Structure formats: C-alpha cells, structure tokens
Amino acid sequence: MTVQSAWRVLLPLPLPPFNFLPPHGTSGGAPTPEPGCRVVVPWQSGVRVGLLVGFEPLRAGAGLELREAVSALDTRPFLTQAALSVLERVAAYTCAPAGMVLANLLPVGLGVPLVHQVRVLADIDGEVSSAVAGRPADASTPSTWQDAAALPLGRLELLRRQGLLDERAFVPQETVRRLVPLREGEGDLDGAPRAGQRRALAHLWTLGTSQSAAALARAADVSEGAVRALVKKGYAEYREVAAPPAPLTVVAPSAASSVLLTLSVPEGPLLSVSGGTRAARVLHLLPLLRKDLAAGKSVLVLAPEQTYVQEAASLLAAELPVHTLSGTTADGERLRLWERCAEAEPFVLVGSYLALLAPLKLGRVVVLEEGSSAYKLSAGCRIFIPTAARFLAAAVDVPLVLADTLAAPETLAATPARLNLPTPAPRAHIVDLKAGGWPLSADLVRVLRQVEARGRQAVLLAPRRGFSAALCCTDCEHVIGCPNCDLPLRYHRERRALRCHQCGFQKRAPDLCPACGSPGLGPRRAAGTEWIAAEVARVVPKLNVKRYDTDKREDLSELRAGEPGVLVATTACLRLPPLPNVSLVGVTLLDVFISLGDFRAEEEAYRLLLNLAELAPGRRPLTLVQTFAPESPLLRAYTEGLGEAFAAELLERRARFNYPPFAALAKVQLSAREAATAKGAAVWLAGALRTAGATDDELLGPSAAPVARMRGRYSYQLFLRTASERLAERLTPALSYRGAARLRIDIDPRDIAGFLE
DNA sequence: GGGGGTAAGTTG
DNA sequence: AACTTACCCCCT
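One numbering rule holds for all chains: residues counted from 1, following each sequence as written. Chain letters start at A and ligand numbers start at 1, both assigned in the order the entries are written. Only residues with pLDDT of 70 or above have their local features reported here, since the model is predicted, and side-chain atom pairs are shown and tallied only from 80 upward, although totals for entire chains, interfaces and linings are computed over all residues. As a convention, hydrogens and water are excluded, and side-chain values are obtained from all of the structure's heavy atoms.

**Student:** Can you break down the environment of leucine 634 residue by residue, with the values?
**Tutor:** Going along the chain from the N terminus, every DSSP run of H or I of four or more residues is numbered as a helix, and every run of E of two or more is numbered as a strand. Relative to the elements of secondary structure, leucine 634 occurs in helix α19 (residues 633-639). A 1.4 Å probe rolled over the protein chains alone gives each residue an accessible area, and that area as a share of the maximum for its type sets the label: buried under 20%, exposed over 50%, partly exposed in between. The exposure class assigned to leucine 634 is buried, which follows from its relative accessible area of 0%. As a C-alpha pair, leucine 634 and glutamate 343 span 291 residues in sequence and 47 Å in three-dimensional space.

Right, here's the structure in full:
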C-alpha cells in the first residue's frame, strides 16, 4: 500500500489551511507541485483557488475522508519560500488564521476567473450519468466535459461524495478581437483607385494584427472605407486572438533633485535613516540600491501610501529600473508584474503593503516612513507592515532599511547602523490657546494678513472635516449624538447635515433642539475645515481660500500655479504635491493629534509637523502651532531641532514604562449588541487569563472601550503587556474563547486610547 | 404556512 | 468569507 501525502492548502478566507488529497490523475501524469504554487480545490458547491503551503504525510489507509484537489494552476511557485514563511510568521504573530493573512497580503492571483468543468465517470448508476450528460448511460466511457454550472443543483456534491466525478479547472485565456490579414493582394486590388486598399493590406501584413479598422486606417493613412473593403473582399478578417500581456506602467523619473548627497551610507543588516526630507532619505539609498542591482538582486521598497509610492518611484527611476505596485495597479498588470519578478533582470519594486510578498530575487528590503500609522492594517490580521518587512528580511537574510524623519523607538532599540541627515531648524511659533483666540488666534490672523499683503500662500491644518465637532443646544446643552455610536454627530453646515464620521449615519440638521425644542442650536467645540475656511475668508478677504478634505477636494490648480491663497485642509493635504509659494504653515489645534492617548501619539505628532513642512520644500515657511499645551516636550524638540535627542528620550521612556519593544502588547476586544453580553464576556475572559497565569502587572482591564458603543455594538477591552516570548502563552485562553460576544485580538495595537498614565 | 430577519454552525 | 440551517417574529 502506498503512503501518500495530503496537500495543505490555504484559501484566502479567515480559516487555517485544509488538507486535500492530490488529484487522482497525479500518480501517472502531472508532477507534484511545489509549495507556493496555486492549486484549485473543491470548496462548497464549486471550486476555489488556494495556495499550496505544504504536505502532510498520511498513514496508509488514512485520509479517506479528505476530498481530492482538482488541479495545480502553476508549475513554478507563485510565492517564494520566504513569502510563505512570512505568511506563517505573521499568522502566528497576530493570532490570525493564516488564510486571513493570505487574503490581506496577496493582492493577485487567487481571484482569477476559472472555467470549472466536470464529467461523470463510467459508473454504477445509469440514472445519474444520463441525468448529467443528457443521453443514455454508457457503462464504459465517461460523459463529455461540460460546465459544472450545467449540473442540477446539489448533483455535483452528490457525485463528488460518491467518487463518480472527474473535475478540471483552468484559467481561460483572455482573447481580444483583432483584424488579421488572410492572403496577399490579387488582381482586384490593381489600379489607382484601389491604392489605399493595397497600402492598408501591406501595412496589416507588416503589423500582423490591428486593433480595429479605424486603427489600421490611421496607421496606413488611408480611409476607413478602404479597410472595410479589404474585409469585404476577404483579404482580412476579425478574429479572436490571445490578448497580449498587460503592459507595465512606465514610471516617469522626477526632475533632477537639488538634494546634496554628502553623507556616506553605513552598511549593516539593519540601517536606520532619519532626518532630512522624504526625498533626501530616498536619494541617499541610491548607492546601496545600485550595488544590489549590480549583484543581480532586486530591492523591495515599501511606502505607506499611494502618493509616497509614486514619489519614491519617480525619484529612483531617474537612475534605476523601477516598477510600482499599489492599490491603483490594475489586476492584469499586477499579474504581469508578478511574473516579471522572477525574470532575470533585477529591478526596484516600489509598492504599498500589497507588494510585500512579491516573488523578487531580493537583495534588500526598504521601509519608507516606518512610523506611519497607515502601515497598520485596520482590518483582518492587523499586522504592522514594518514588522512583516522585518520577518521578510530575516527569511531571505538580506539587509533591512527603515527610514523616517524620526526613527521609531522600536528600530533604535535594535541598535541599527545609523544615517542621520541634517534637518534645518524650523522657523516655528507656538501659540498658547489658553490665552483665548480660538479657532484663529490673534497671532495667526496677523501672519495671515502678512501672507495676504505679500501675495503668498498659507496651508492651515484643521483637526477634522465639516463645520464643527458637534451641534449643541445653547439652552439645555444637549449634544446631538449618533444613534449607532456613542459619539456626537459632526455638523456639516454647507450641506445642513449631521454626520457620524465613524459609521456614516447622516441626517438633516434640525432647526430646533430635539431635547428641549429650543431654536438655539449652534456649532460647538473644535472647528473643522468648513468653519476655519469661513473664518479665514472673513479675516483675509482678498485671499483665495481653498478647502481640501474627503468632503471637498477643491481644484488647486491656481495655488499650484503660484497664485496667492490659503489651503484649509485635513491631513489629506500631506498627500498633495508641494505648493510653490507657501510662507506659512498653520496647525489650528495640535492637541487632537496628541491627546488620542496613544503612547506613540507624540512621535506621530512630531512626524506630522515635519511632514507638513514638505508642502513647502526648501522654503522654510513659518510654522505656527496653536495648542493648549505649549510646554510639551515634542514641541520643544520640534522648535529646537532636537529630533535625535527626542528619539532617544522616547526610547528611554518606552524602557522605563515597559512598553514596546521592551514588552509585547496585545489588545483583546469583546463586543456585542448588548452591553451586558460584552462586559460579561470581558470579565469572564479576564478571569480565565488570570487563571492561566497572567499577573496584575500583565493584565489591564477589562474596561469599556473609549467609545463604548460603535456601529450599534458595545465593546469592552483588555490589555496584555508582557515579555514577547510569553505573550502567546498568556493569550491562549482568548484563542479558545467561544461565547456570545465577538472577540478580536490586536497585537501591537496603535490605538490604545487613554492607557498610559 | 411562509416571508423576512438574525444567529449559529460549517466549510476539507 | 460565503454559505446553510435553525429559529423567531409577524402576518396572512
């Protein structure tokens, strides 16, 4: 009896890998695919594409309950061994099912359209066969291949279970309709009047195919009628031909940069690049990347957002072969790019997190803007991409580069080689809002008037979109809240609307207070872009005021052309190309960016201030920051240009408070429609965690989530903070929780609201 | 008895 | 995640 192995197959679903028997044709025909290949497996009443991640030996006679895989889609692995190990490590690290990690991180190849065909094998039950094939049963030959969808409902499952079904699946070749030549010109193309037809036919023969009659007419410089005549006379015809591979987008190199590359770059398995500008940090990597490519190795460069992907790609494209992969890359191009990775010519792949598993022959991994919270996946496995990049670099044993204006304490703790680029001290002015003057302080109004008088530009950062944080009754102080969330509805005056920025609920702003019927409803608390734009228009009426946020992305071409004006925006403006004439950057309320209660909030606010300056590169604009807490260390570090000292201080503080990377942190959230259900589950789980060994030092909570109810669900949360190597053990009871509440685990959470004392 | 909704269980 | 089954409410 032969001992065979089952295929361990991962599907892009929140599930662990499943075992399948190899397809029954395999023993004689197709070779066993390697791990990393895509395979087609039966799934529910159809088939799905999954990833072969390994094999599981089966004892003789075992595995009879397993189903057979249908086929392998690849002959060469679609993912590298390193990528497979990253999947595995991320799954273990985030406590997420591996299939979820696959769904989050593999942006191509598993959703391909499949043709699924079946035929009924020579069988014992004539009725079944005839019902399927639509002809009398033949005991010796299988029925012909037909689309699985043609089977009556439920029949496929039945036949599968009886082992009477042959299945195959393949990716249909994409075709396009093209004009092709059929034969050489003959007598009926002679003569002057038919010169155009002759020319068109000759041209078509040299081209091979043409997209359309119009395209050929244009190319051969003849009338469309001439081409149509060729088709009519049988010299050419339209035919379905294999579609050409999607062309790869060419990255336009950016114009020569003024950045001076003065510092030499240290080498090491881990390199931290800090200070300078975004462009300077990228350009300083050129010598390293050049060397990698010369050695025949490709480089993966990750950026947290689409615009930074484009920016970095353009900077590098001036000297190196570069491709990009991000959310905007079309499916066809992603697939083509994936194939390209394995080809001989090394290149630099600049991409968002979607590029993480690209099957490059890697020589180095670079993470730009390593501290960006955009790297934290907000759903699914919630991995922080720089962490996954660290796993990748370790798996292929290549150097890792982490760059940001302020190095992350996590990076510094790992004692990297360092490249700290000079950052000119900013011209900064801090305004203490405790003295009044909000939303626009007297100082801000004064400098805005200077901007107006000198015909310059200003950028004002607002803490949110809309008019105000809430609509409030002046008589009874009632704040109109969201029916689904414990949050005030944001007031949008322009649209006379109240909106929840969390769940999307929206209604018309009422005229009277819903609580007391008073007509005294008014905007309250922090101003949004709408309010600030209105104030700015009032105090500097001659300036062109533009708004830029999710609600209103105004056309900025006048500002881009250098015309005087003010841009009032949310942090969405950080993704804009720089404006040419900015002399003032104003932060109308820094506090909302710090007081989120996260232990990383200060460093993120520091990065925000430095990133704002990138809207006016090389100009050293005045940065005016309005705040209720002007004495904060981050503002001192910022105004005095002490980034390095600040980074060291942050690291020291992490050590003192036993925070990451000196301890591992996990948030366990329990939510339910009923508050009591969520609370009960959280209390029970806290008990279970303590019983399993969690000490009072390690376990914090349970407590209600900072926003107790969201989207109609109440949440309670627990935090575990413990030595990294002990976290998995401490979390064990949470992993086996089966109860009425929904449980979510977030490893290394970045929104731990109000936690650090 | 069944439409319409939600909750719970299963998928190999 | 996608899908099936179980269950409840309400209505004819």
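Having put the structure on the table, let's press on.
**Student:** Can you lay out the packing of aromatic side chains for me, pointing to particular residues and giving the numbers?
**Tutor:** Aromatic pairs are defined between Phe, Tyr and Trp rings, using the six-membered ring for Trp, whenever the two ring centres lie within 6.5 Å; interplanar angles under 30 degrees are classed as stacked, those over 60 as edge-to-face, and all others as tilted. Counting across every chain of the model gives nine aromatic pairs. Aromatic pair phenylalanine 467 and tyrosine 491: ring centres 5.8 Å apart, planes at 70°, arrangement edge-to-face. Of this pair, phenylalanine 467 sits in the loop between β19 (457-461) and β20 (468-473) while tyrosine 491 sits in strand β21 (residues 490-492), and the two are 24 residues apart along the sequence. Among the residues examined, tyrosine 491 registers a relative accessible area of 8% and is labelled buried. Through successive ring pairs, a cluster of aromatic residues spans Phe467, Tyr491 and Trp531. We call a charge positioned over a ring when the NZ of a Lys or the CZ of an Arg lies within 6 Å of the ring centre and within 35 degrees of the ring normal. Over the ring of phenylalanine 78 we find arginine 38; its NZ or CZ atom is 4.2 Å from the centre of that ring. Above the ring of phenylalanine 384, the side-chain terminus of arginine 750 is found at 4.2 Å from the ring centroid.

**Student:** Describe the pattern of salt bridges, with residues and values.
**Tutor:** A pair is scored as a salt bridge if a Lys or Arg side-chain nitrogen falls within 4 Å of a carboxyl oxygen belonging to Asp or Glu. Applying the stated criterion across every chain yields a total of 46 salt bridges. Residue arginine 239 pairs with glutamate 237 through a salt bridge whose shortest N-O separation is 3.1 Å. The exposure class of arginine 239 is partly exposed, given its relative accessible area of 40%. In this structure, the salt-bridge partner of arginine 654 is glutamate 410, at a minimum N-O distance of 2.9 Å. Placement of the pair is arginine 654 in helix α20 (residues 643-656) and glutamate 410 in helix α13 (residues 409-413), with a sequence separation of 244 residues. Judged by relative accessible area, which is 4%, arginine 654 ranks as buried.

**Student:** Explain the protein's contact with DNA strand C to me, and be specific about the residues and the numbers.
**Tutor:** Residue proximity to a molecule or strand is established when one non-hydrogen atom of the residue lies within 4 Å of it. Near DNA strand C the following residues occur: Leu13, Pro14 and Gln44. Here a polar contact means two N or O atoms within 3.5 Å. Within protein one must be a hydrogen donor candidate and the other an acceptor candidate, and residues neighboring in sequence count only if both atoms are side-chain atoms. At 3.4 Å, a side-chain N or O of glutamine 44 approaches a sugar or linking oxygen of DNA strand C.

**Student:** Explain the domain arrangement of chain A to me, and be specific about the residues and the numbers.
**Tutor:** With domains assigned, chain A is organised as domain 1 (5-105), domain 2 (115-170), domain 3 (175-242), domain 4 (255-421), domain 5 (427-467 + 527-651) and domain 6 (664-747). Domains are outlined according to an automatic or database domain assignment. Using C-alpha coordinates to define each centre, domain 1 is positioned 30 Å away from domain 4. Taken together, the contact between domain 1 and domain 4 spans 17 residues of the former and 21 residues of the latter. For the pair domain 1 and domain 4, the summed buried surface comes to about 1600 Å²; carbon and sulfur atoms form 77% of the total. Buried area is calculated as the accessible area (1.4 Å probe) missing from two parts once they are joined, with the contributions of both summed. Of all residues in domain 1, the largest losses of buried area upon contact with domain 4 belong to Val86, Asn104 and Leu105, amounting jointly to 34% of the total for that side. Pairs of residues are marked as contacts when any of their non-hydrogen atoms sit within 4.5 Å.

**Student:** Summarise the packing of helix α5 (residues 195-207) against helix α7 (residues 224-232); cite the residues concerned and give the values.
**Tutor:** Fitted lines through C-alpha atoms serve as axes, helices being fitted only where they are in contact, and the angles separating the N-to-C directions of these axes extend from 0 to 180 degrees. One can describe the packing of α5 onto α7 by two numbers: an axis separation of 9 Å at closest approach and a directional angle of 75°. The angle between α5 and α7 falls in the class roughly perpendicular. From α5, Gly196, Gln197, Ala200 and Leu201 reach across to α7, where they touch Ala226, Val227, Ala229 and Leu230. Under the convention adopted here, Pro, Cys and the residues Ala, Val, Leu, Ile, Met, Phe, Trp and Tyr are nonpolar, Asp, Glu, Lys and Arg are charged, and Gly plus all remaining residues are polar. Residue composition of the contact of α5 with α7, by class: six nonpolar, two polar and no charged. Oblique is the label for every angle not falling under 35 degrees (roughly parallel), over 145 degrees (roughly antiparallel), or within 65 to 115 degrees (roughly perpendicular).

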